[in-house]
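Next come the chains, spelled out residue by residue.
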Amino acid sequence: MATSLIALFLGVFFGFSLNKAGLTKYNKIVNVFRFTDMAVLQFMMTALVVSMSGLYILRGFGLITFPNIPGTYIVGNLVGGLLFGVGMALTGY
Amino acid sequence: MKFILNYIRKETWSPYVAGILLGLVGILAVWLSDSLLGASGAFENLAGMLGQAVAPQVFDNVYFNFIMPPGFTYGVILVIGVFFGGMIGAASSKTLKWGKKDSANSDPLWKRTFGPQVWKRWVLAFFGAIILEYAAGIAGGCTSGLAISGGMLLAPAAFLFIAGMFASGIVTALIIYRKRY
């Protein structure tokens, strides 16, 4: 129950930040591939930098342990990414 | 205080500010519940649940038994939260178009590129989403589940995925937009 509430809580803020960054709009998503609006990259990379440094600092203090790190399958990740890009540029979601 | 409230009401924030918020959410996800953010997995969990109810033999395979167990998982609840979070975000800037006339196809760029018809948007969204979900299944995650959540743990998979995503995304956008690129 508690985990469900945490998931819901985190999801709300996740959706909120996506909406405020404009990532719920077609033009934002497709324009990053046209190099006319870099909001998607700015948003993603900021999130990455913040959480990356935060997580590694917290782990350094021994406050958290990392969950299972997504496995590396060079072909799978790359082919999946290539296909994903097609869908992303097509739909803008 | 007033400044913060006014900023919350803005339709689009600086992507850096929104990114910091998502970064904090990512940290909290690991800290509070020892799991990662992700969207695409939830749909696979639900599809697995539906599939095992309709055609148990077809869905009785390694993928749905071990990799993506069906059921009402953490990810599904997260996605429900994302739905309402997005709505709250839109409502806070008074851009929520629930039930309004052009709500199904309101993006000016999309209209200019493909036309104003709503059915076109639905068809493209449907088939595009099949590609997206299938690709996320191959790669092991989507933009949020692999690129951001994996990236923040410095997983090599995330960076391979991002490279692939942008390479083919740029090519697809080139094909769609041609001269207007």
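Residues numbered from 1 in each chain as written. Chains lettered and ligands numbered in written order. Predicted model: local features only at pLDDT ≥ 70, side-chain atom pairs only at ≥ 80, totals over all residues.

Draft legend 1. Structural context of the overall build of chain A. Helix and strand counts for chain A come out as 4 helices and 0 strands. When the elements of chain A are put in sequence order from the N terminus, they spell out α-α-α-α. The C-alpha radius of gyration computed for chain A amounts to 16 Å, which surpasses the reference 12 Å derived for 93 residues by more than 25%, pointing to a less compact arrangement than a globule. With respect to the three principal axes, the spread of C-alpha positions in chain A is 45 × 35 × 25 Å. Here chain A, with 93 residues, has 52% of them falling under the buried criterion. (Helix = DSSP H or I, 4+ residues; strand = E, 2+ residues; numbered from the N terminus. Rg over C-alpha atoms; globule rule 2.2 N^0.38 Å. Buried ≥ 20, exposed ≤ 12 C-beta atoms within 10 Å, placed from the backbone.)

Draft legend 2. Examining the interface of chain A and chain B more closely. With 64 residues of chain A in contact, the opposing surface of chain B contributes 83 residues. At the level of elements, helix H1 (2-21), helix H2 (26-33), helix H3 (39-60) and helix H4 (74-91) of chain A are the ones that each hand at least two residues to the side of chain A that touches chain B. Tallied by class, residues from the side of chain A that touches chain B come to 39 nonpolar, 22 polar and 3 charged. (Contact = placed C-beta atoms within 7 Å. Nonpolar A, V, L, I, M, F, W, Y, C, P; charged D, E, K, R; others polar.)

Draft legend 3. The environment of leucine 82 of chain A, seen in detail. Secondary-structure assignment places leucine 82 of chain A in helix H4. You can call leucine 82 of chain A buried: it has 21 C-beta atoms within 10 Å. Each C-alpha atom, one on leucine 82 of chain A and one on valine 49 of chain A, is 24 Å from the other, the two residues being 33 residues apart in sequence. Filtering out sequence-adjacent residues up to four positions away, leucine 82 of chain A remains in contact with Gly164, Ala167 and Ser168 of chain B.

Draft legend 4. Representation of the packing of H1 of chain A against helix H5 (residues 74-92) of chain B within the structure. Viewed as axis vectors pointing N to C, H1 of chain A and H5 of chain B meet at an angle of 40°, and their least axial separation amounts to 6 Å. Relative to H5 of chain B, the element H1 of chain A lies oblique. At the point where H1 of chain A passes H5 of chain B, the crossing takes the right-handed sense. Within the contact of H1 of chain A with H5 of chain B, the residues separate by chemical class into 19 nonpolar, 9 polar and 1 charged. (Axes fitted to C-alpha atoms, helices over the stretch in contact; angles between N-to-C directions. Parallel < 35°, antiparallel > 145°, perpendicular 65-115°, else oblique. Left-handed = near helix turned anticlockwise from the far one by under 90°.)

Draft legend 5. Inspection of the nonpolar core at higher detail. Leu10, Phe14, Phe43 and Phe84 of chain A together with Val25, Leu78 and Phe161 of chain B are the most contacted members of the largest nonpolar core, which totals 67 residues. By residue number, the principal contributor to this core is H1 of chain A, which donates 9 residues. Other than its neighbours up to four places away in sequence, phenylalanine 161 of chain B contacts Asn77, Gly80 and Gly81 of chain A together with Ala139, Leu146 and Ala147 of chain B. (Core = buried A, V, L, I, M, F, W, Y, C linked by C-beta atoms within 7 Å.)

Draft legend 6. Spatial organisation of unusual backbone geometry. Its identity is not glycine, yet phenylalanine 35 of chain A carries a phi of approximately 60°, on the positive side. Here phenylalanine 35 of chain A shows up in the loop between H2 and H3.

Draft legend 7. A look at helix H9 (residues 156-177) of chain B. Between the first and last C-alpha of H9 of chain B there are 32 Å, a value that for 22 residues agrees with the 32 Å anticipated at 1.5 Å per step. For H9 of chain B, the set of buried residues is Ala157, Ala158, Leu160, Phe161, Ile162, Gly164, Met165, Ser168, Gly169 and Ala173 of chain B. Looking at the buried positions of H9 of chain B, the neighbouring elements they touch are H2 and H4 of chain A together with helix H7 (118-139) and helix H8 (143-151) of chain B. (Expected span 1.5 Å × (residues − 1).)

Draft legend 8. Structural context of the confidence of the model for chain A. Taken over all residues, the pLDDT of chain A has a mean of 88, while the share at 70 or more is 100%. For chain A, per-element mean pLDDT is lowest for H2 of chain A, which scores 88, and highest for H3 of chain A, which scores 91. (pLDDT = per-residue confidence, 0-100.)

Draft legend 9. Focus on the packing of H4 of chain A against H7 of chain B. Look at H4 of chain A against H7 of chain B: their axes get within 8 Å of each other, and the N-to-C directions meet at 165°. The angle between H4 of chain A and H7 of chain B falls in the class roughly antiparallel. Considering how the two elements wind past one another, H4 of chain A and H7 of chain B form a crossing that is left-handed. In this structure, H4 of chain A uses Gly76, Asn77, Val79, Gly80, Gly81, Leu83, Phe84, Val86, Gly87, Met88, Leu90 and Thr91 of chain A to contact H7 of chain B, whose residues at the interface are Leu124, Ala125, Gly128, Ala129, Ile131, Leu132, Tyr134, Ala135, Ala136, Ile138 and Ala139 of chain B. Residues that form the contact of H4 of chain A with H7 of chain B fall into these classes: 16 nonpolar, 7 polar and no charged.

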